[in-house]
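Residue-level structural notes
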Amino acid sequence: MTGTLVRMRLAVLRRSLSGGRAAGVALGLVLGLGLAAVTWWAALVDATGGLVAIVLLVWAVGWAVGPMTPIGRDESMRPEHFALLPIPPRRLARGLLVTKGVGVGPLVTLLGLAALVGLGIGTGSVTAALVAVPAAVLQLAVVVLVAVVLDATIGSAMGSRRGEVFGLALVVLLCAAGFSLHYLVEGLVPALVEGRAAELSGVALALPSAWSAVAVTAAARGDVVLVVAPLAGLAVLAVLLVLAWGVLVERRLTTRTGHAGSRRTGGPPRRILPATPTGAAAGVEVRTWLRDGNRRIYAVASTAESAWLFVVPGLAGWVGASWLFWVTLRLTNAYGATDRPGAPGGDFWPVLVAPGAERADVRGRQLAFLLVAGPIALVLTAAPLVAGLSGVGDPTALAALVAALGGAAGLFPWISARLPFRLGTGGNGGSVTAALLTYVPAMLAVVAPGIAVSVVGRVLDVPALTWAGVAVGAVVGVAVALAGGAAAARRLAATGPEVLAAVRGRGRAGADRADARSVAEAYAASTPHGPAGIALQLLLWVGGGLVLVAQGIIPAVLELTGSATRAWFLARYLPDALAWIVIVVCVVAGSVAWVVAFRLDQAAKRARAARAEAAAEPVTVGV
Amino acid sequence: MTDTVALPAPALHLAGLRKAFGATVAVDGVGLDVPAGSFFGLVGPNGAGKTTTLSMAVGLLRPDAGSAAVYGVDVWSDPGRARALMGVLPDGLSLPEKLTGREVLTYFGLLRGLDGATVDRRVDDLLGVLDLRGAEETAVGDYSTGMRKKVGVAAALLHTPRLLVLDEPFEAVDPVSAATIRTMLRRVVDDGGSVILSSHVMAVVEQVCDRVAVIADGRVVAAGTTDEVRGGGTLEDAFVALVGGSASGADELTWLGR
């Protein structure tokens, strides 16, 4: 049976490597390989194992959190799928567990954990290098098992009301952790590089995530107890987790979880919105926002994230920069809105059977978005101002706010009409990625004019100009909202059936699935390198830009001007000679990334032109 | 409006409809006329192409070839007018899951441009007739399949369409509600409207439909009045004979009997 399950898993993997899903896999692969490289670096730089311990903690956290993210979510082989087969739950659990070890993730992780062998060699002891082999394998087992068990606990808890609350708390916690990233970058990374983080390393080494490293370094010292104890600990942990997984699977197969968010709903019909087609469409959205557990989680999480990202830098004295944080936040937030209510769901068909309803549907969804997101955004902008945090709620932030709200309201229906995808199924990852890749640059373009005018006013110290930025932002926002909505309505009117086919839920005949696939494929085919290629290009542009500008050019300027600013510029924490080497390396690496991205783009253009030419040929055989 | 009334156009006219999904041809040149004022049944085995045909007829699925017209109004070139004439119950009924039945129906009514007071009155009537008042405060996501189906049928009736296109309206509906739905549909036909529905259940079709078309492998293999199609026997016998499925094929499964 295990063999059959593994073959199934491999078939799923093969499918995920082609078409839309590939972009997500590629992104995960890039992240994983990056972390693997960091692990090797940490192992070779610091023979005490302190650095490796911290990186191992990152692996463990990544594995624990990964399955809860859209990219890491994998529901392809759930215990329920096999519930009706006459296989004892425990045996099924064992079989499924083996399949969890099959995949790109475990492979990349093993590649990273193999750095323990490097750590062993670094200590100059053959025994340490040998101990590293079982240590790495045990560590991998524990890391994967923790992820599997956590996913099973939270995954099954998510189905219940209590789970919803728990998920909410978890997301808020993660967001809170996310905001502290800049403290991490500012304080921790330099401390690590300069070897000043002994306490942290100590804590990291004590955690099970680094017991393998403890064993390896102990082997080098000939400390038998500290070799055996951590490895035995890992083994015991692995056994306990396997047992827990068995229990979880058994429980999952024998009990039914309640419907998330099902509760007594409504009461007498209240009519807040006008009794018009647009009002009706907006009403569906607003009610769903108020009642849907998943959307509640989403709303609370993004609000918490907003508050943190917005207020904390202000409190920390980053007053001037906080509006920039804020813009980034609005971008991601509003994208979330496109991901959830923006895209038409399977219940989109009523729009296609009512005369001229496409326009009402789009305008209604826009209205609902502004009703839900608008007040939250306004409060977040006003609150710091009221609290006396000048600079946080200044005109530049306001200019960004109005432009971003209008921009999101205009862009999300337009993008969801151009690149429809099925919600919540994890399918059509290519369209999701493509939507994101369209959305972020478009939003940047929308907020840029208002911010630019406002910043110019600020630099020239002309308050009138600073406030004119708000007007510019408002005009651009309104224009984008109107034009985007109109374009979306036209698009839906022209391709409604195709959009419906793409967003249709499960339980349909293969025919509709074929249609949904063909939409994703059509988009992938329009770019020769497919969604994965676009993701790579974006990564190269953004990553290259960060390395070239933020870690190369700006530190170079600071270095030359003798400024004392360190911020998150790596070179500023290093002695002069080393700093210049880092700067040169960053400039070269960033430039190379940009050149590669540019060439990819050119290749894509050439391929498109060639295909257009081929399509224009009068005689085509077998196309 | 007057020109369509004046012309003796059929309630639904399908010509040469074709749809292929990849290499599979789901519907292969289906042509049908549903005369105005008829109660039309579309029957066929699983996967015959009934749903695909009806989806193309109402504008939810774009055909590869062929045309569909409602009272002479082309569904694909003049969707606005065609949609106004039709009430649709699609297959795989997705509804806004977090809304109550009343809210869903109100949404449908307002989306079609009916005024608020009319919508309120009709929704109230329909909820009462279809025995959905008990679930007044429950979201449709928590409804049973049969209750959802009833909401779907009510949604199709709200704007008093002249043609009803219903995909499996009786599936999973309890006998009492099914009888209510039958009565309502009969009433629509008696008042000069037209109904086309698909079903697996021959007895229902035989009982309520005055016209029948049998569809198999994406083609219409028989069409006419119910009496014409069933000949002397029952519709079920005629159906089995027409679609060529050997009801006796089950004899080969000797291992089924112990």
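Every residue gets a number counted from 1 within its own chain, in the order that chain's sequence is written. To label them, take the chains in the order written and letter them from A, then take the ligands in the order written and number them from 1. For this predicted model, a pLDDT threshold of at least 70 governs which residues receive local features, and a threshold of 80 or more governs which side-chain atom pairs are given and counted, while totals over whole chains, interfaces and linings are taken from all residues.

1. A few points about the overall build of chain B
From N to C terminus, chain B includes 10 helices and 10 strands. Each residue is classified by how many other C-beta atoms fall within 10 Å of its C-beta atom, where C-beta atoms are placed from the backbone; a count of 20 or more means buried, 12 or fewer means exposed, and values in between mean partly exposed. Counting every position in chain B, which comprises 258 residues, the buried fraction comes to 51%. Residues are defined as contacting one another if the C-beta atoms placed from their backbone atoms lie within 7 Å. Long-range contacts, defined here as pairs at least 24 residues apart, represent 66% of the contacts in chain B between residues at least 6 apart. Here a helix means four or more residues in a row that DSSP labels H or I, a strand means two or more in a row labelled E, and each is numbered from the N terminus.

2. As for the overall build of chain A
Along the backbone of chain A there are 23 helices and zero strands. The buried share of chain A, taken over its 623 residues, is 43%. Of all intrachain contacts in chain A linking residues separated by at least 6 positions in sequence, the fraction that spans at least 24 positions is 77%.

3. Looking at the nonpolar core
Linking buried Ala, Val, Leu, Ile, Met, Phe, Trp, Tyr and Cys residues through C-beta atoms within 7 Å yields a set, and such a set is a nonpolar core. Residues V70 and V165 of chain B are the most contacted members of the largest nonpolar core, which totals 138 residues. Ignoring any residue separated from it by four or fewer positions in sequence, one finds V165 of chain B in contact with L54, A57, V58, M86, V88 and I196 of chain B. Among the nonpolar cores identified, the runner-up in size contains 60 residues, and A36, L96, L113 and V142 of chain A belong to it.

4. Focus on the environment of A452 of chain A
One can find A452 of chain A in helix α19 (residues 429-460). The spatial distance from the C-alpha of A452 of chain A to the C-alpha of A400 of chain A is 9.7 Å, given a sequence separation of 52 residues.

5. Considerations on the pairing of strand β9 (residues 211-216) of chain B
Residues and elements named next belong to chain B. Counting buried positions along β9 gives six out of six residues, so the element sits mostly inside the fold. Alternating residues of β9 divide into R211, A213 and I215 and V212, V214 and A216, and every residue in both groups is buried. Two strands qualify as a pair provided DSSP detects at least 2 bridges between them. Bridge count for strand β3 (residues 39-43) against β9 is four bridges, and the pairing is parallel. Bridge pairing in β9 places V43 opposite V214. Taken together, the six bridges between β9 and strand β10 (residues 219-225) define a ladder with antiparallel strand orientation. Looking at the pairing, R211 lines up with T225 of β10. The hairpin formed by β9 and β10 contains two residues between the paired strands, and D217 there has a positive phi angle of roughly 50 degrees.

6. Some remarks on the packing of helix α11 (residues 211-221) of chain A against helix α12 (residues 224-254) of chain A
Residues and elements named next belong to chain A. Inter-axis angles, ranging from 0 to 180 degrees, are taken between N-to-C directions of lines fitted to C-alpha atoms, where helices are fitted over the stretch in contact. Packing of α11 against α12 brings their axes to within 8 Å, and their N-to-C directions diverge by 160 degrees. With respect to their mutual orientation, α11 and α12 come out roughly antiparallel. In this structure, α11 crosses over α12, and the sense of that crossing is left-handed. Here W211, S212, V214, A215, A218 and A219 of α11 lie close against α12, whose contacting residues are L226, V227, P230, L231, G233 and L234. If an angle is under 35 degrees, it is roughly parallel; if it is over 145, roughly antiparallel; if it lies from 65 to 115, roughly perpendicular; otherwise it is oblique. In this scheme, a crossing is called left-handed if the near helix is turned counterclockwise away from the far one by less than a right angle; it is called right-handed if the turn is clockwise.

7. Observations regarding the interface of chain B and chain A
Opposite the 38 residues of chain B that make contact, chain A presents 40 residues. Of all the elements in the fold, those that place two or more residues in the side of chain B that touches chain A are α2 (50-58), α3 (79-85), β6 (86-89) and α4 (101-111) of chain B. By residue number, the principal contributor to the side of chain B that touches chain A is α4 of chain B, which donates seven residues. Amino acids are sorted into nonpolar (Ala, Val, Leu, Ile, Met, Phe, Trp, Tyr, Cys and Pro), charged (Asp, Glu, Lys and Arg) and polar (every other residue, Gly among them). Its residues placed into classes, the side of chain B that touches chain A shows 17 nonpolar, 12 polar and nine charged.

8. Overview of unusual backbone geometry
What is expected of a backbone is that most residues other than glycine have negative phi and most peptide bonds are trans. Residues and elements named next belong to chain B. The backbone of A172 sits at a positive phi, close to 70 degrees, despite the residue not being glycine. Structurally, the position occupied by A172 is in the loop between β7 (163-167) and α7 (175-190). One non-glycine residue with positive phi stands out, namely D217, at about 50 degrees. Relative to the helices and strands, D217 is located in the loop between β9 and β10.

9. Focus: the sheet that holds β6 of chain B
Residue and element names in this part refer to chain B. A sheet is described by the order of its strands in space; here six strands give the open sequence β6-β7-β8-β3-β9-β10, paired in mixed fashion. In this open sheet, the two edge strands, each paired with only one partner strand, are β6 and β10. On average, each strand axis in the sheet is inclined to that of its neighbour by 15 degrees, with strand direction left out of account. Sitting on the sheet, α7 touches β3, β7 and β8 (194-199), and the angle it makes with β8 is about 145 degrees. With respect to the sheet, helix α10 (residues 235-243) is in contact with β3, β9 and β10, its orientation differing from that of β9 by roughly 30 degrees.

10. A look at α2 of chain B
Residue and element names in this part refer to chain B. Among the nine residues of α2, nine are classified as buried, and the element is accordingly described as predominantly covered. Looking only at α2, the buried set comprises K50, T51, T52, T53, L54, S55, M56, A57 and V58. Among the residues trailing α2, G59 stands out with phi positive, at a value near 95 degrees.

11. Re the confidence of the model for chain A
Residues and elements named next belong to chain A. Within a predicted model, pLDDT stands for the predictor's per-residue confidence, ranging from 0 to 100. Averaged over all residues, the pLDDT of chain A is 72; the fraction at 70 or higher stands at 62%. In this model, residues 315-322 is a region of pLDDT below 50 whose contacts with residues beyond four sequence positions or in other chains number 11 contacts. Within the model, pLDDT remains below 50 along residues 424-430, and this stretch shows 20 contacts once partners closer than five positions in the same chain are excluded.

12. Focus: the sheet that holds strand β1 (residues 12-21) of chain B
Residues and elements named next belong to chain B. Spatial strand order, β2-β1-β4-β5: four strands in an open sheet with antiparallel pairing. What marks the edges here is a single partner per strand, and that holds for β2 (24-34) and β5 (73-74). Two strands pair when backbone bridges link them, and β1 and strand β4 (residues 65-70) are joined in this way by five bridges, in the antiparallel orientation. Bridge assignment links H13 to a residue of β4, and that residue is A69. Along the sheet face, α2 touches β1, β2 and β4 and points at about 120 degrees away from the line of β1.

13. As for helix α6 (residues 115-122) of chain A
Counting buried positions over the eight residues of α6 of chain A gives six, a clear majority of the element. Phi for G124 of chain A, located one or two positions after α6 of chain A, is positive at around 80 degrees.

14. Structural notes on the packing of helix α18 (residues 395-418) of chain A against helix α20 (residues 463-503) of chain A
Orientation of α18 of chain A relative to α20 of chain A, taken along the N-to-C sense of each, is 5 degrees, at an axis distance of 6 Å. In terms of orientation, α18 of chain A lies roughly parallel with respect to α20 of chain A.

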